[in-house]
Amino acid sequence: MKVGLFIPCYVDQFYPQVGIATLQLLERFGCQVSYPAKQTCCGQPMANSGYEHLTHDCNRLFVNNFSEFDYIVSPSGSCVLHIKDHLHDDKREGEATHVRTHIYELTEFLTDILKVENLTAHFPHRVGVHQSCHGQRGLHVAQMSELVAPPFSKPEKLLNMVTGLELVKLDRVDECCGFGGTFCVAEEAVSVRMGIDRVDDHVKNGTEVLTGGDMSCLMHLEGVIRRRQLPIKVMHIAEILNAK
Amino acid sequence: MNHADAAEKFNKDFDRTTWHDETLWWVRQKRDRAAFAIPEWEQLRETASQIKHNVLSNLDNYLIEFEKNAQKNGITVHWAADAHEHNQIILSILKSQGVTEIVKSKSMLTEECHLNPYLTENGVEVIDTDLGERIVQLADEPPSHIVLPCIHWKKEEIGVLFHKHLGTPEGCADPVLLTHAARANLREKFLTRRVAITGVNFAVAETGEFVVCTNEGNADMGAHLADVHIACMGIEKIIPKREHLGVFLRLLTRSATGQPITTYSSHFGKPREGQQMHIVLVDNGRTVQLGREQFRNSLKCIRCGACMNTCPVYRRSGGHSYHNAVAGPIGAILAPNLDMTKNADLPFASTLCGSCSNVCPVKINIHEQLYEWRQELTKSGHSPTAKTLSMKVMSAVLSNPTVYHLSGKIGRFAMANAPFVVNNSFNPWFKQREMPEPPKESFGEWYKKNRGEK
């Protein structure tokens, strides 16, 4: 199984350890993983700001980098959702379609494609999951609280395989953290307030380590946590699943 | 004031923002309990959505059918192309009756058409009879929520307002006493006003009747006591058959307030003897929206307000920050249709979290339409030039791997060695959040070093 590793721009630049953990995790499960060196960004920052028409070159680059793989996997639900919903290339639409239909967020790839039922990870901490909206409501990696349907959560299923780990139950299970791409600066006041409220829910319920499948939300929450000097550590779920 | 500025102002009072958020979240939780008590809830949503889909595909026929049947029932039917025509029609009915005082129960359409200021300017006194609407009317401000118009007011503040306008004892904030005062005041209006205006929740094409839902019975009080009943409805409120009411009435209040059913769902079929009944069918941009395929679904809205209660942005910015009669996520997709220049900011007042679409009882893809509006507004030149410029730069950098890697390296170097470049007051991220700590090497650099060129 040839897997193309897509490490979003901000993870590449600010959180290399998340990329490393993702890579090692996939390799532990026997995937043949490659990281195309010429990748940059999925184009979502432009598209969500109303400039989808400026994403053509990013799209072309993405198709060039990833069309040869059986699967494309990324530690970011939001970027994956953007590719799934919006990646097109009028000259190579067939390859773009292959990319759109074979890209996976890490936890859904582990549960749905690799069908992981066991992990060897050990992480003796109280862990609170930030359920990111695009992963949850867009990719359906977990049931959303609005729907009258049985609950499930792919990230939590995986975290429950980690020995020593205790999952924290939150008051509001799936409220948005307020990151929202360029929203976090365009609507700074509301964005920060939402971040504070999300973090407070974790503090109140005893989270030691805050985790999730979307580093962008975690980057925003980490910014709030560090400014307010709260005793919570932020780690991407790949780092926890890869912990020994 | 645009949404971001108004929301920032709202957020200055931290505790009040907490209170606003918690109050509306409490309503969202009530909605959840009411929805989860119905095993076939998702099927109901789908059914409602499909009925509305049918309505929107055959809107002209259903409206003509409704008009024919309503006229047969003795109701006078008026057609208004826009807000101004709607207001003129109402004024002309009042003039023909020689009436200068009226009662009005809650109607978001009349808010959308700015009927109250229009009538006031033309010498008509309008008394809103919904308690929440009455409160904001006394305070001389618009409603902040379509179902809970004064949800942003605390009972102590209402006490002060009622002391000033209704003569309640100073310092009285007891909801029972305040409600009694409002009731006594409104009773006199109900008994003396000869014309009552109501909204319309559902109009049935098959029978020519319409349904008005209130929790206070105020629409009934107005309509039953008045000589003339004028009902105002947006043309999208039509449903084909009476049997469809069962679907919508089950969904409406559960979604709105978590109640199993509205306290009063009043069916108006024909005028009683000696009474006049008018209905004004208003377009006001709805056929334009019907013609915009990607936004057509927004006309399915039954005005339950569930998207507002669930919206984490609405809960922390308040209804007035949306500067439109209909606030929140649904308002943000309806408002640009009415005025793209004035409302270009609203589709950006969202994180696109998608909660609104999943809570919506008629399954409007609200967050997808917000995304689509962003594209439309940008393409039609409703974006600030500076933003367009920065997006072009961003696009150029991100579509060129060499430039991207170099920019990343320079950026991280600057953040590590000259943090003041980013950690300053010009950076909205840094205002209340720390910047990420730049690592020595990017993942790409680590990979090249540790895994070689593959």
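How each quantity is defined
- Residues numbered from 1 in each chain as written.
- Chains lettered and ligands numbered in written order.
- Predicted model: local features only at pLDDT ≥ 70, side-chain atom pairs only at ≥ 80, totals over all residues.
- Heavy atoms only, no water.
- Helix = DSSP H or I, 4+ residues; strand = E, 2+ residues; numbered from the N terminus.
- Rg over C-alpha atoms; globule rule 2.2 N^0.38 Å.
- Buried < 20%, exposed > 50% of the residue type's maximum accessible area, 1.4 Å probe, protein only.
- Contact = heavy atoms within 4.5 Å.
- Areas by Shrake-Rupley, 256 points an atom, 1.4 Å probe, with all protein chains shown as cover.
- Lys, Arg positive; Asp, Glu negative; His and termini not counted.
- Charge placed at Lys NZ, Arg CZ, Asp CG, Glu CD.
- Buried area = accessible area lost by both parts, 1.4 Å probe.
- Salt bridge = Lys/Arg side-chain N within 4 Å of Asp/Glu carboxyl O.
- Polar contact = N/O pair within 3.5 Å; in protein donor to acceptor, adjacent residues only side chain to side chain.
- Domains from an automatic or database assignment.
- Core = buried A, V, L, I, M, F, W, Y, C linked by side-chain atoms within 4.5 Å.
- Patch = residues over 30% accessible without salt bridge, like charges linked within 9 Å, V, L, I, M, F, W, Y side chains within 5 Å.
- Axes fitted to C-alpha atoms, helices over the stretch in contact; angles between N-to-C directions.
- Parallel < 35°, antiparallel > 145°, perpendicular 65-115°, else oblique.
- Nonpolar A, V, L, I, M, F, W, Y, C, P; charged D, E, K, R; others polar.

Engineer: What is the right way to read the overall build of chain A from this model?
Structural biologist: Along chain A, the regular secondary structure elements total 13 helices and eight strands. Taken over the C-alpha trace, chain A has a radius of gyration of 17 Å; the compact-globule value for 244 residues is 18 Å, and the two agree within 12%. For chain A, the spread of C-alpha atoms along the three principal axes comes to 50 × 40 × 40 Å. Classification of the 244 residues of chain A by burial places 68% in the buried group. Partitioning the contacts of chain A with sequence separation of at least 6, the portion at a separation of at least 24 is 77%. Summed over its atoms, the accessible surface of chain A is roughly 8,100 Å², and 52% of this surface lies on carbon and sulfur atoms. Distance between charge centres in chain A, computed from 23 positive and 30 negative side chains, equals 3 Å.

Engineer: So what exactly am I meant to see when it comes to the interface of chain A and chain B here?
Structural biologist: When the parts of a complex come together, some accessible area is lost, and that lost area is often taken as the interface size. With 71 residues of chain A in contact, the opposing surface of chain B contributes 79 residues. Of the roughly 6,400 Å² buried between chain A and chain B on both sides combined, carbon and sulfur atoms contribute 60%. Considering only the side of chain A, the residues that lose the most area to chain B are A:Val148, A:Arg193 and A:Arg227, jointly responsible for 12% of the buried surface there. Linking chain A to chain B there are nine salt bridges. The shortest N-O distance in the salt bridge between B:Lys431 and A:Glu188 comes to 3.7 Å. Counting every contact that joins chain A to chain B gives 41 residue pairs in polar contact (both at pLDDT 80 or more). The biggest single contributor to the side of chain A that touches chain B is helix 11 (residues 188-204) of chain A, with nine residues.

Engineer: What's the story with the domain arrangement of chain B in this structure? I'm lost.
Structural biologist: The domain boundaries assigned to chain B delineate domain 1 (38-284) and domain 2 (389-451). Using C-alpha coordinates to define each centre, domain 1 of chain B is positioned 54 Å away from domain 2 of chain B.

Engineer: I would appreciate a short explanation of the side chain of B:Thr168 in the present structure.
Structural biologist: Residue and element names in this part refer to chain B. Locating Thr168 in the fold gives a position in the loop between helix 9 (155-166) and helix 10 (175-192). Given the relative accessible area of 7%, Thr168 is considered buried. At a separation of 3.4 Å, a polar atom in the side chain of Thr168 contacts the main-chain carbonyl oxygen of Phe162.

Engineer: Can you walk me through the side chain of B:Ser105 in this structure?
Structural biologist: Within the secondary structure layout, B:Ser105 lies in the loop between strand 2 (101-104) and helix 6 (108-112). With a relative accessible area of 2%, B:Ser105 lands in the buried category.

Engineer: Could you clarify how one ought to interpret the nonpolar core in this entry?
Structural biologist: As a rule of thumb, soluble globular proteins bury nonpolar side chains together. Of all hydrophobic cores here, the largest spans 90 residues; its most connected members are A:Leu26, A:Phe109, A:Leu110, A:Phe123, A:Leu241 and B:Phe443. By residue number, the principal contributor to this core is helix 12 (residues 215-227) of chain A, which donates seven residues. Discounting chain neighbours no more than four positions away, the residues touching A:Leu241 are A:Leu25, A:Arg28, A:Leu110, A:Leu119, A:Ala121, A:Leu158, A:Leu159 and A:Val162. Of all hydrophobic cores here, the second largest spans 67 residues; its members include A:Phe183, B:Leu24, B:Val313 and B:Trp373.

Engineer: Just checking my understanding: could you explain the environment of B:Pro401 for this structure?
Structural biologist: Structurally, the position occupied by B:Pro401 is in helix 20 (residues 401-417). The residues touching B:Pro401, leaving out its near neighbours within four places in the chain, are A:Lys38, A:Thr40 and A:Leu61.

Engineer: Any chance you could explain a nonpolar patch on the surface here in plain terms?
Structural biologist: Residue and element names in this part refer to chain B. A cluster of nonpolar side chains, Leu191, Met221 and Leu225, forms an exposed patch at the surface whose accessible area comes to about 280 Å². Position of Met221 among the secondary structure elements: in helix 11 (residues 218-225). Among the residues examined, Met221 registers a relative accessible area of 38% and is labelled partly exposed.

Engineer: I'm lost on the packing of helix 11 of chain A against helix 12 of chain A in this one. Help?
Structural biologist: In a pair of packed helices, the angle between the axes and the distance between the axes together describe the arrangement. All names here are of chain A. Here helix 11 crosses helix 12 at 80 degrees, and the two axes come no closer than 9 Å. Considering the angle they form, helix 11 stands roughly perpendicular to helix 12. Touching Ser191, Val192, Gly195, Ile196, Arg198 and Val199 of helix 11 are His220, Leu221, Val224 and Ile225, all from helix 12. Of the residues contributing to the contact of helix 11 with helix 12, the split by class is six nonpolar, three polar and one charged.

Engineer: Even after reading the chapter, I still don't get the domain arrangement of chain A, so can you show me in this structure?
Structural biologist: Residue and element names in this part refer to chain A. If you check the domain split of chain A, you get domain 1 (2-113) and domain 2 (126-242). For domain 1 and domain 2, the distance between their C-alpha centres works out to 21 Å. Across the boundary between the two partners, domain 1 contributes 29 residues, which contact 22 residues of domain 2. Summing both partners gives a buried area of about 2,100 Å² for domain 1 against domain 2, and 64% of it is carried by carbon and sulfur. Along the contact surface separating domain 1 from domain 2 lie one salt bridge. Between the two partners, domain 1 and domain 2, sit eleven residue pairs in polar contact (both at pLDDT 80 or more). Of all the elements in the fold, those that place two or more residues in the side of domain 1 that touches domain 2 are helix 1 (9-14), helix 2 (16-28), helix 3 (44-48), helix 5 (77-86) and helix 7 (106-113).

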